Amino acid sequence: MRALDVDYMLGLLPILLGYVPLTLFMAVVGMAFALVLAALMAVERVVRIPVLDIFVRLFISFFRGTPLLVQLFLFYFGLPQMLSFLTTINGVTATIMGLTLHFSAYMAESIRAAILGVDRAQWEASLAVGMTQAQMMRRIILPQAARVAAPTLVNYFIDMVKSTSLAFTLGVTELMGAAQKEAAGSFLYFEAFLVVATIYWIMVEALSFGQRRLETFLNKAHAR
Amino acid sequence: MISVQNLNKSFGATPVLQDISLDIQPGERVVVIGPSGTGKSTLLRCLNFLDTPDSGKITIGDLSVDAAHASRADILGLRRRTGFVFQNYALFANKTARQNITEALVTVKGMSRADADARADTILRETGLEARADAYPASLSGGQQQRVGIGRAMALDAELLLFDEPTSALDPEWVGEVLDLMRKLAESRQTMLIVTHEMQFAREIADRILFMDDGRIAEEGPPADLLDTPRDPRTRAFLRRVG
Ligand SMILES: Nc1ncnc2c1ncn2[C@@H]1O[C@H](COP(=O)(O)OP(=O)(O)O)[C@@H](O)[C@H]1O
Ligand SMILES: [Mg+2]
């Protein structure tokens, strides 16, 4: 038993906070790509484009069915051996790619459920006024599905923020990697990782707060 | 001129529409009555391909569609020549009353925002909804929602308006205002095909009433003939039941 080295922790905090932007960068970029990919796959799953549907289902099944860590290793260490043009892929890019593919598979399922949750009569009404399927999706169905799916999608974003820590295993010096290096010099592992945990915790609490505000806002929308 | 020739539709092995033929003149107001489950909704829904007919020919104005070989363009063409009023209103929940009316004008007809809004102003006035223009469907009464539904269909200047039991889902207190609006439309000689159980209303506004039974038009005629001196025993039995 030894005392917690609070001074060390306070000294470490600003250093590690400097890595927060990289963490958020990976999560935000990953989320943006994942949203687009997920929406496309969700729409495909609903309208079922022959042949493409098989690939989308395989994709979703694979990326939900295997651990993110395994997927990251596959991209970062495995793919360059198979595809020579990928030899220059860096850890940050590989992480964003992995996060995008992994989370898009989960998000596609939530968005699909939200799309199917929009009352069928509105689909018919959209078609009856002469809209194409694409117009119906873009103008009527997806905006409503987005409202339903938004809180769940924020959950995935929170999960994604935490999952950026896996970039450390690809040699990226992000929050986790930086803490690891600091701790290796000071041997104060507990303190270092406690600071890291606290930083993640605060980020997630802030996001959860935003999520609750968003839900209140969405519940009020379209009720006037 | 609207013409339906030998329209057939089955759901699985169950025939629902059997060889329906029907002509509607411009400005004509035709009411369809009949027991539930006889294919009245399916008939309306086949005309704009919300249900896909198996065979037959549908002509609306300058567009003739062979139902068995309808292209995507044919289907859009039929939908753009018809307006549909749903029993459950089916308003766009993410759009205000005004936006429900302007949506297709902008998205489908390619009208400018300003022109669509001007058109919406006229429609909102005609439907008595000016005061609720910026309300979302969730905050409108059933009667107001259905008036928006009718306004949305009116805005498109369709050659034919289809009404599928527009007052059946309404609380009794809202039926009158919806029928009043439809009466106004009928007086303006809008071509209409209306499925309804409101017999008094049918008698007032219809040029012709069709009685459907078991997927066929069993009898048709002017309201006075069909309602007061029906020839077909099935029509008589139905009218006795609905009083
Ligand atoms: N989507 C569907 N799938 C299977 N059967 C249907 C479907 N829609 C309607 N039907 C059947 O077709 C018949 C006619 O239905 P419908 O046109 O709704 O009758 P109505 O409007 O006269 O009450 C009914 O027997 C109904 O059960
Ligand atoms: Mg019906």
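Keep in mind the model is a prediction, meaning the values are calculated, not measured.

A. Representation of the site of ligand 1 within the structure. All names here are of chain B. Surrounding ligand 1, one finds Phe11, Val16, Pro35, Ser36, Gly37, Thr38, Gly39, Lys40, Ser41 and Thr42. With respect to ligand 1, the backbone of Thr38 contributes an N or O atom lying 3.2 Å from an oxygen atom. One nitrogen or oxygen atom from the side chain of Lys40 is found 2.8 Å from an oxygen atom belonging to ligand 1. The biggest single contributor to the shell around ligand 1 is helix 1 (residues 40-47), with three residues.

B. Structural detail: the interface of chain B and chain A. Between chain B and chain A, the contact holds 27 residues from the first and 19 residues from the second. Buried area between chain B and chain A, summed over both chains or domains, comes out near 2,000 Å², and the portion from carbon and sulfur atoms is 59%. On the chain B side of the interface with chain A, the three residues burying the most area are Phe92, Asn94 and Tyr136 of chain B, jointly 27% of the side's total. For the pair chain B and chain A, the number of links is two salt bridges. Between Arg45 of chain B and Glu124 of chain A there is a salt bridge whose closest N-O contact spans 2.8 Å. Here chain B and chain A share seven residue pairs in polar contact (both at pLDDT 80 or more) between them. Where the side of chain B that touches chain A is concerned, the elements lending two or more residues are helix 2 (72-81), strand 6 (82-85) and helix 3 (97-107) of chain B.

C. Quick look at the packing of aromatic side chains. Counted according to the given criterion, the structure contains 10 aromatic pairs over all chains. With a centroid separation of 6.3 Å and an interplanar angle of 20°, the aromatic rings of Phe63 of chain A and Phe75 of chain A are classed as stacked. A residue pair is termed long-range when its members are at least 10 positions apart, and Phe63 of chain A in helix 3 (residues 52-65) and Phe75 of chain A in helix 4 (residues 68-82) qualify at 12 residues. Residue class for Phe63 of chain A comes out buried when judged on its relative accessible area of 7%. Ring geometry for Tyr76 of chain A versus Phe77 of chain A: centroids 4.8 Å apart, planes at 75°, classification edge-to-face. Of the residues examined, Tyr76 of chain A reaches a relative accessible area of 22% and is grouped as partly exposed. Joined through ring pairs, the aromatic side chains of Phe59, Phe62, Phe63 and Phe75 of chain A make up one cluster. The residue whose ring lies beneath Arg120 of chain A is Trp123 of chain A, and the NZ or CZ to ring-centre distance is 4.4 Å. Note that Arg152 of chain B overlies the ring of Phe92 of chain B, its terminal NZ or CZ placed 4.7 Å from the centroid.

D. Seen up close, the sheet that holds strand 2 (residues 14-24) of chain B. All names here are of chain B. Strand order in the open sheet formed by four strands is 2-1-4-5, with antiparallel pairing between adjacent strands. Of all the strands in the sheet, just strand 2 and strand 5 (63-66) have a single pairing partner and so form its edges. Strand after strand, the sheet turns through a mean of 15° between neighbouring axes, direction not considered. Inspection of the sheet shows strand 1 (residues 2-11) paired to strand 4 (residues 55-60) by five bridges, in the antiparallel sense. Looking at the pairing, Ser3 lines up with Thr59 of strand 4. Where helix 1 meets the sheet, it contacts strand 1, strand 2 and strand 4, and its direction lies at approximately 120° from that of strand 1.

E. Looking closely at helix 3 of chain A. All names here are of chain A. If you check helix 3, its first and last C-alpha atoms are 20 Å apart, about what 14 residues at 1.5 Å a residue would give, namely 20 Å. Where helix 3 is concerned, the buried positions are Asp53, Val56, Phe59, Ile60 and Phe63. For helix 3, the arc enclosing every buried residue in end-on projection is 125°, short of the 170-degree limit, so these residues lie on one face. Facing away from the buried surface of helix 3 by more than 90 degrees, the exposed residues are Ile54, Phe55, Leu58 and Gly65.

F. Inspection of the pattern of salt bridges at higher detail. Residue and element names in this part refer to chain B. One pass over the full model with this rule turns up 22 salt bridges over all chains. Between Lys95 and Glu103 there is a salt bridge, and its shortest N-O distance comes to 3.3 Å. On the basis of relative accessibility, which here comes to 2%, the residue Glu103 falls in the buried class. A salt bridge links Asp228 to Arg203, with the shortest nitrogen-to-oxygen separation between them at 3.0 Å. Of the two residues, Asp228 is situated in helix 8 (residues 223-228) and Arg203 in helix 7 (residues 199-205); the sequence distance between them amounts to 25 residues. Look at Asp228 and you get partly exposed, because its relative accessible area is 46%. The exposure class assigned to Arg203 is partly exposed, which follows from its relative accessible area of 34%.

G. Examining the packing of helix 2 (residues 20-47) of chain A against helix 7 (residues 133-163) of chain A more closely. Residues and elements named next belong to chain A. The contact between helix 2 and helix 7 brings their axes to 10 Å, and the two run at 140°. By the angle between their axes, helix 2 is oblique relative to helix 7. Crossing of helix 2 against helix 7: the hand is right-handed. Of helix 7, the residues touching helix 2 (which contributes Thr23, Ala27, Val28, Gly30, Met31, Ala34, Leu35, Val43, Val46 and Val47) are Gln133, Met137, Leu142, Leu153, Phe157, Met160 and Val161. Counted by class, the contact of helix 2 with helix 7 contains 14 nonpolar, three polar and no charged residues.

H. Quick look at the sheet that holds strand 6 of chain B. All names here are of chain B. Taken together, the six strands give an open sheet; going across it, the order is 6-7-8-3-9-10, and neighbouring strands pair in mixed fashion. The open sheet terminates on both sides in strands that have one partner only, identified here as strand 6 and strand 10 (216-221). Ignoring strand direction, the axes of neighbouring strands in this sheet form an average angle of 20°. Note: strand 7 (residues 160-164) against strand 8 (residues 192-195), four bridges, orientation parallel.

Reading the values: the criteria
- Residues numbered from 1 in each chain as written.
- Chains lettered and ligands numbered in written order.
- Predicted model: local features only at pLDDT ≥ 70, side-chain atom pairs only at ≥ 80, totals over all residues.
- Heavy atoms only, no water.
- Near = heavy atom within 4 Å.
- Polar contact = N/O pair within 3.5 Å; in protein donor to acceptor, adjacent residues only side chain to side chain.
- Helix = DSSP H or I, 4+ residues; strand = E, 2+ residues; numbered from the N terminus.
- Contact = heavy atoms within 4.5 Å.
- Buried area = accessible area lost by both parts, 1.4 Å probe.
- Salt bridge = Lys/Arg side-chain N within 4 Å of Asp/Glu carboxyl O.
- Phe/Tyr/Trp six-rings, centres within 6.5 Å; stacked < 30°, edge-to-face > 60°.
- Buried < 20%, exposed > 50% of the residue type's maximum accessible area, 1.4 Å probe, protein only.
- Lys NZ or Arg CZ within 6 Å of the ring centre and 35° of its normal.
- Pairing = 2+ DSSP bridges.
- Axes fitted to C-alpha atoms, helices over the stretch in contact; angles between N-to-C directions.
- Expected span 1.5 Å × (residues − 1).
- Arc of directions from axis to C-beta.
- Parallel < 35°, antiparallel > 145°, perpendicular 65-115°, else oblique.
- Left-handed = near helix turned anticlockwise from the far one by under 90°.
- Nonpolar A, V, L, I, M, F, W, Y, C, P; charged D, E, K, R; others polar.

Worth remembering: the numbers are spatial, not functional.
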